[in-house]
Amino acid sequence: IQCRSISKTCIGGDYIFYPGEQLNYRYEIIYLLGKGAYGEAVKCLDHKTNEYVCIKIIKSNRIFHNQAKIEIKLLEYISKHDKEGETNIVKFYSHFTFRNHICLVFELLDINLFEYLKSRDFVGIEMKKIRSYTTEILFALLFLKQHKIIHCDLKPENILLVKDNKNSVKVVDFGSSCFDKEIIYSYIQSRFYRAPEVLLGQNYSVQIDMWSLGCILCELFTGVPIFPGENERDQLNYIMEYIDVPPSEYINMS
């Protein structure tokens with residue numbers, strides 16, 4: 001891939017970085033934590049506070065920039081209404097723009113639940129631990145429901161263990177989220193965790209996050225997804241096999 005060294009942005013829009021490099025003349029990059037459609041997440045040392053943080057570097061792309069602005073709006077709203085950090089949602093510290101990349105600064109967490117299952121060779125987790133995780137995720141979803149926020153992409157990869165406390169988790173990644181009165185997208189949620197109303201093109205609200213949670217809990221217990229559809233049609237067939245065909249009036253509205 002050819003890259004423009006001046007802007008340090010690759011053709012795909014990702015920021016090209018090197019360990020030891022500094023962002024915004026404050027955050028020293030330690031290593032890559034993960035990549036996604038949005039860009040990259042890196043572990044950094046904040047030289048102002050001498051603490052490690054996670055920085056989400058958004059691709060240099062107009063569409064992703066607009067999406068990041070919506071995410072920042074939601075994260076600032078959540079921070080304002082959760083000053084004590086009791087909702088089990090990742091702490092959002094700040095944001096800045098560096099070399100045409102929007103960067104979001106978060107607390108540093110541990111591995112996500114998919115990686116945790118993978119480390120166990122996809123053997124299910126004991127029920128006691130699942131109950132603990134479920135309680136904490138429900139606190140997060142209750143807060144979101146009370147404030148009419150839809151996460152829109154709840155999945156094991158977006159639930160992270162808390163550092164130094166493997167019995168505690170937090171919900172992350174509000175890149176697809178929205179207020180329920182400001183719905184933008186019709187194509188949302190990762191397929192295995194996609195609610196029937198989304199699959200059928202119906203209106204949706206905060207309830208779709210509860211559907212995703214149910215799918216996640218089954219996966220934590222068994223080690224594998226309950227509805228592993230290869231496409232949307234296959235996904236719907238899996239759901240109907242387990243639950244039943246949707247009512248005819250519901251199908252007619254879809």
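Please read these numbers as outputs of a predicted model, since none were measured by experiment.

S.K.: I'm lost on the packing of helix H3 (residues 127-146) against helix H5 (residues 207-222) in this one. Help?
M.R.: Helices that pack against each other are described as a pair by the angle of their axes relative to one another and the distance between those axes. With their axes 11 Å apart at the nearest point, H3 and H5 run at an angle of 165° to one another. In terms of orientation, H3 and H5 fall into the roughly antiparallel class. In this structure, the crossing between H3 and H5 has a hand that is right-handed. Where H3 approaches H5, its residues Met 127, Ile 130, Tyr 133, Thr 134, Ile 137, Leu 138 and Leu 141 are matched on the opposing element by Asp 209, Met 210, Leu 213, Leu 217, Leu 220 and Phe 221. A per-class count over the contact of H3 with H5 returns 11 nonpolar, one polar and one charged.

S.K.: Teacher, can you tell me more about H3 here?
M.R.: Residues that lie three or four places apart on an α-helix share one face, since the helix turns once every 3.6 residues. When the terminal C-alpha atoms of H3 are compared, their 28 Å separation across 20 residues agrees well with the 28 Å that a helix rising 1.5 Å per residue should span. Looking at the buried side of H3, the elements it contacts are helix H1 (62-81), helix H2 (113-119), strand E9 (149-150), strand E10 (159-162), strand E11 (165-171) and H5. Positive phi shows up at Lys 148, right after H3, with a value of about 55°.

S.K.: How do you make sense of the layout of surface pockets when you look at a structure like this?
M.R.: Rolling a probe over the atoms, with the probe sized like a water molecule, indicates the empty space that remains. Taken as a whole, the largest pocket holds about 1200 Å³ of empty space. Taken together, 42 residues form the lining of the largest pocket, with Gly 36, Tyr 38, Glu 157, Asn 158 and Asp 173 sitting closest to its centre. Those elements that provide at least two residues to the lining of the largest pocket are strand E4 (27-36), strand E5 (39-46), strand E6 (51-58), H1 and strand E8 (101-107). Ranked by residue count, the leading element in the lining of the largest pocket is E4, at five residues. Here the lining of the largest pocket is built from residues that sort into 20 nonpolar, nine polar and 13 charged. Lining of the second largest pocket is provided by Leu 75, Ile 78, Ser 79, Asp 82, Lys 83, Glu 84, Gly 85, Thr 87, Ile 89, Val 90, Lys 91 and Phe 92. With three residues, H1 is the single largest residue contributor to the lining of the second largest pocket. Split by residue class, the lining of the second largest pocket holds five nonpolar, three polar and four charged.

Criteria and cut-off values
- Residues numbered from 1 in each chain as written.
- Predicted model: local features only at pLDDT ≥ 70, side-chain atom pairs only at ≥ 80, totals over all residues.
- Heavy atoms only, no water.
- Axes fitted to C-alpha atoms, helices over the stretch in contact; angles between N-to-C directions.
- Helix = DSSP H or I, 4+ residues; strand = E, 2+ residues; numbered from the N terminus.
- Parallel < 35°, antiparallel > 145°, perpendicular 65-115°, else oblique.
- Left-handed = near helix turned anticlockwise from the far one by under 90°.
- Contact = heavy atoms within 4.5 Å.
- Nonpolar A, V, L, I, M, F, W, Y, C, P; charged D, E, K, R; others polar.
- Expected span 1.5 Å × (residues − 1).
- 1 Å grid on protein atoms, 1.4 Å probe; cavity = no way out; pocket = protein on both sides within 12 Å on 5 of 7 lines; lining within 4 Å.
- Points joined across faces, edges and corners; volume = space filled by probe spheres on them.

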